[in-house]
Amino acid sequence: MTKPTDIDRNVACASRRRFLREGSVLLGGAVIARGLAGSKARAAAENAGNLPPDVPEWMKTPGDPMGTQPYGAPSPFEKDVIKNISKTLPQYLSASGRTPLQDLDGIITPNGLFYERHHGGVPTIDPAQHRLMLHGLVDRPLIFTMDDIRRFPSESHIYFLECSGNPEYKKPYGKTASDLVGLLSCAEWTGVSLKLVLQEAGLQPGAKWVVAEGADSAAMTRSIPIEKCLDDAMLAYSQNGERLRPQQGYPLRLLVPGFEGNMNVKWLRRLHVTAEPAYSRDETSKYTDPMPDGTAREFTFYMEAKSIITRPSGGQRLSAPGFHEISGIAWTGRGKVRRVDVSVDDGKSWQEAQLQEPVLTRALTRFRLPWHWDGKPAVIQSRAIDETGYVQPTLAELLAVRGDNYVYHNNAIWPWRIAADGEVTNAHA
Amino acid sequence: MPTRRLELAALAVATLLWAARAEAQSPYGIGRAATPAEIAGWNIDVGGDGSNLPPGIGSVSHGSEVFAQQCAACHGAKGEGGVGDRLVGGQGTLGTPKPVRTVGSYWPYAPTLFDYIRRAMPQNAPQSLSNDDVYAVSAYILSLNGLLPADATLDAKSLAAIKMPSRNMFVGDPRPDVKNSECMSGC
């Protein structure tokens, strides 16, 4: 028994909806037309009409209607801020793409710019058909659906992830901050503590390692020491608030904060609790560090303290002498960054940089130093010190101990050279 | 037929007990019991000592045929490398300025060669080779590295018995191994 007034209101609502729908089509058409003319208009606009005292063109017509981008994208003027992917890789199934660190502010990496490293392409996994199997030295071998995983108590943490080969020790060295250390990103991860999941199955005596396996075509396999698994390791299903991106292991990945990126197994499908490590290919023949004496270090998990100035950095140009803020990022797999020092005189003297709060454990830390550039050639660099007292070393100090056939874990101080014309280049290149 | 039905019934009861046990003792009661058959289907981990190697056998000569069809396009006809890693040679080069890292020179446990080939190779169709073919390809690669005679065959026992040249090359992590000072002026 609907009242007549209610019917009237429904009719009125329906016609208003129709008007809005048709109106948005019209507006959409206008947007496309403007988009086609956009580049020509932009060129003309350089000296015509958009600057004071004139009113800019984008204030004289409505903007894009709601719904133009159901999933938002950056401004078209930021189209060059994309992952840094070499065009000359021998293959693209086992390959990596870098975060454009020099174009980002703060400490959080946008999900679309998070660095990628995969060994058998990016699988497309239906979460309804994904399972996590937990077996081995446990009382109760278990299988979890994604719904099961999300039923566990959840937690969120901001952690960095860094590929262990970032960069190599041999020349040629990259031109930009991204070329050098762009296999580094940082996000807020949400998931469940691995400890809770292991307790659900019940660890047996003798459980010393957990072998994690991915559901990619490389079936990536890494062994994680049980101490880490019972400490801060987690199974993550979300990244910066949304579900993991496929490139980051959708629907589920392992996170072992502060450990080399490869151990944070993506597309996680199996946890095998064992007494011995698997000695898998990717923890013996790869991801080990050859020393000059013919030995090779294995199970080199921690990413040691490191920092880099991202502004000004290679590929950029200082517009003029005068005030320039020096800004960069620091991180350590062994906990918190205690201090970052910056030198603007080729390492002769150092000053303490300001750290942006909050300084978080195993997250990126943003540092800044106000600087007046006198217009003369200069070499600038940063040096991180972590809460264990460890000081980020120079490249020469690393090479003296490890030699240049050491492939991974290069955490060298990286200096930038600033020329008299303001051009910034890699001082080691 | 009755025996078969009885077996199924017993299996069903066992599975139920399994599930009940999991729920009874788990702190959150989340997930379900994994059956031995499910675990066996997914657990392809082969230990460095050869544990969990499957039954099967393959010869070097059959391995050379499989390799030519499945592997040579990326790794070269004789494992000399290409788009894929070099697999052969390099023994004795690790402490030199130009180390060559291959299966022969930089792979500590022979059984994990089987593990890797089975789980990840060939790159365009992983887990498509039979266990016999994986033994054969492993045998061929080991033979190219001088670690097996050309007329040899390989199975779980003989693969686990091979001692790789780089077995004792790997050492633990001594880091922090590089020290810098906190010099602030006159550095």
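Rules and cut-offs
- Residues numbered from 1 in each chain as written.
- Chains lettered and ligands numbered in written order.
- Predicted model: local features only at pLDDT ≥ 70, side-chain atom pairs only at ≥ 80, totals over all residues.
- Core = buried A, V, L, I, M, F, W, Y, C linked by C-beta atoms within 7 Å.
- Buried ≥ 20, exposed ≤ 12 C-beta atoms within 10 Å, placed from the backbone.
- Helix = DSSP H or I, 4+ residues; strand = E, 2+ residues; numbered from the N terminus.
- Contact = placed C-beta atoms within 7 Å.
- Nonpolar A, V, L, I, M, F, W, Y, C, P; charged D, E, K, R; others polar.
- Pairing = 2+ DSSP bridges.
- pLDDT = per-residue confidence, 0-100.
- Domains from an automatic or database assignment.
- Axes fitted to C-alpha atoms, helices over the stretch in contact; angles between N-to-C directions.
- Parallel < 35°, antiparallel > 145°, perpendicular 65-115°, else oblique.

Q: Describe the nonpolar core, listing the residues and the values that go with them.
A: Residues A:Val210, A:Leu235 and B:Val137 are the most contacted members of the largest nonpolar core, which totals 136 residues. By residue number, the principal contributor to this core is helix H6 (residues 131-144) of chain B, which donates nine residues. In this structure, A:Leu235 is in contact with A:Ile149, A:Gly191, A:Val192, A:Leu194, A:Val197, A:Leu252, A:Leu254 and A:Leu268, ignoring residues within four places of it in sequence.

Q: Could you give me a rundown of the interface of chain A and chain B, with the residues and numbers involved?
A: Contact with chain A, which involves 58 residues of that partner, is made by 48 residues of chain B. Among the secondary structure elements, those contributing two or more residues to the side of chain A that touches chain B are strand S3 (132-136), strand S4 (142-144), helix H2 (146-151), helix H4 (194-201), strand S12 (268-274), strand S14 (296-297) and helix H6 (395-402) of chain A. When its residues are assigned to classes, the side of chain A that touches chain B shows 25 nonpolar, 19 polar and 14 charged. With two bridges connecting them, S14(A) and strand S4 (residues 170-171) of chain B associate as parallel partners. Of the residues in S4(B), the one forming a bridge with A:Ala296 is B:Phe170.

Q: Break down the confidence of the model for chain B for me, citing the residues and quoting the values.
A: Looking at chain B as a whole, its pLDDT mean stands at 91, while 87% of the residues score no less than 70. Predicted as a complex, the structure gets a pTM of 0.89 and an ipTM equal to 0.89.

Q: I'd like a rundown of the domain arrangement of chain B, residues and numbers included.
A: Here chain B is described as being made up of domain 1 (13-42) and domain 2 (57-161). Relative to domain 2 of chain B, the C-alpha centre of domain 1 of chain B lies at a distance of 38 Å.

Q: Now, about the sheet that holds S14(A): what can you tell me, with residues and values included?
A: Strands sit in the order S13(A)-S14(A)-S4(B) across an open sheet of three strands; the sheet is mixed. The open sheet is flanked by strand S13 (289-290) of chain A together with S4 of chain B, the only strands paired with a single partner.

Q: Describe the sheet that holds S3(A), and please don't skip the residues or the numbers.
A: Within the open sheet, the six strands sit side by side as S8(A)-S7(A)-S12(A)-S3(A)-S4(A)-S1(B). Their pairing is mixed. The open sheet has two edge strands with one neighbour each: strand S8 (221-225) of chain A together with strand S1 (32-33) of chain B. Relative to S12(A), strand S7 (residues 209-214) of chain A runs antiparallel, the two being bridged by six bridges. Paired with A:Gly214 across the bridge in S12(A) is A:Leu268.

Q: An account of the environment of A:Val197 is needed here, citing residue identities and associated values.
A: Residues and elements named next belong to chain A. Within the secondary structure, valine 197 sits in helix H4. Under the C-beta neighbour-count criterion, valine 197 is labelled buried, with 25 such atoms within 10 Å. Along the sequence, valine 197 and methionine 234 sit 37 residues apart, while their C-alpha atoms lie 9.1 Å from each other. For valine 197, the contacting residues outside a window of four places in its chain are Leu134, Phe152, Val192 and Leu235.

Q: I'd like to hear about the pairing of strand S9 (residues 234-239) of chain A, residue by residue, with values.
A: Residues and elements named next belong to chain A. By the criterion of burial, S9 is predominantly enclosed, with five of the six residues buried. Inspection of the sheet shows strand S6 (residues 184-193) paired to S9 by five bridges, in the antiparallel sense. Note on S9: the bridge partner recorded for serine 193 is methionine 234. Bridge analysis of S9 against strand S10 (residues 242-243) gives two bridges, and the strand direction is antiparallel. The residue bridging glutamine 239 from the neighbouring strand is glutamate 242, located in S10. Here S9 folds back onto S10, and the loop between the two strands holds two residues, one of which, asparagine 240, carries a positive phi near 50°.

Q: Outline the pairing of strand S20 (residues 365-373) of chain A, listing residues and values.
A: Side-chain positions along a regular strand alternate between the two faces of the sheet. Residue and element names in this part refer to chain A. Alignment of strand S16 (residues 322-331) against S20, held across nine bridges, turns out to be antiparallel. By the bridge assignment for S20, glycine 322 is matched with tryptophan 373. Direction of pairing for strand S19 (residues 354-355) relative to S20: antiparallel, over a ladder of two bridges. Its bridge partner lying in S20, leucine 355 is registered against phenylalanine 367.

Q: Break down helix H5 (residues 111-120) of chain B for me, with residues and values.
A: Residue and element names in this part refer to chain B. The buried count for H5 comes to 10 of 10 residues, which makes it a mostly enclosed element. Taken residue by residue, H5 has Pro111, Thr112, Leu113, Phe114, Asp115, Tyr116, Ile117, Arg118, Arg119 and Ala120 as its buried positions. Tucked into the core, H5 has its buried residues touching H6 and helix H7 (156-161).

Q: With reference to specific residues and values, describe the packing of helix H3 (residues 60-70) of chain B against H6(B).
A: All names here are of chain B. Viewed as axis vectors pointing N to C, H3 and H6 meet at an angle of 100°, and their least axial separation amounts to 7 Å. Compared by their axis directions, H3 and H6 come out roughly perpendicular. Across the interface between the two elements, Val60, His62, Gly63, Ser64, Val66 and Phe67 from H3 touch Asp133, Ala136, Val137, Ala139, Tyr140 and Ser143 from H6. Tallied by class, residues from the contact of H3 with H6 come to seven nonpolar, four polar and one charged.

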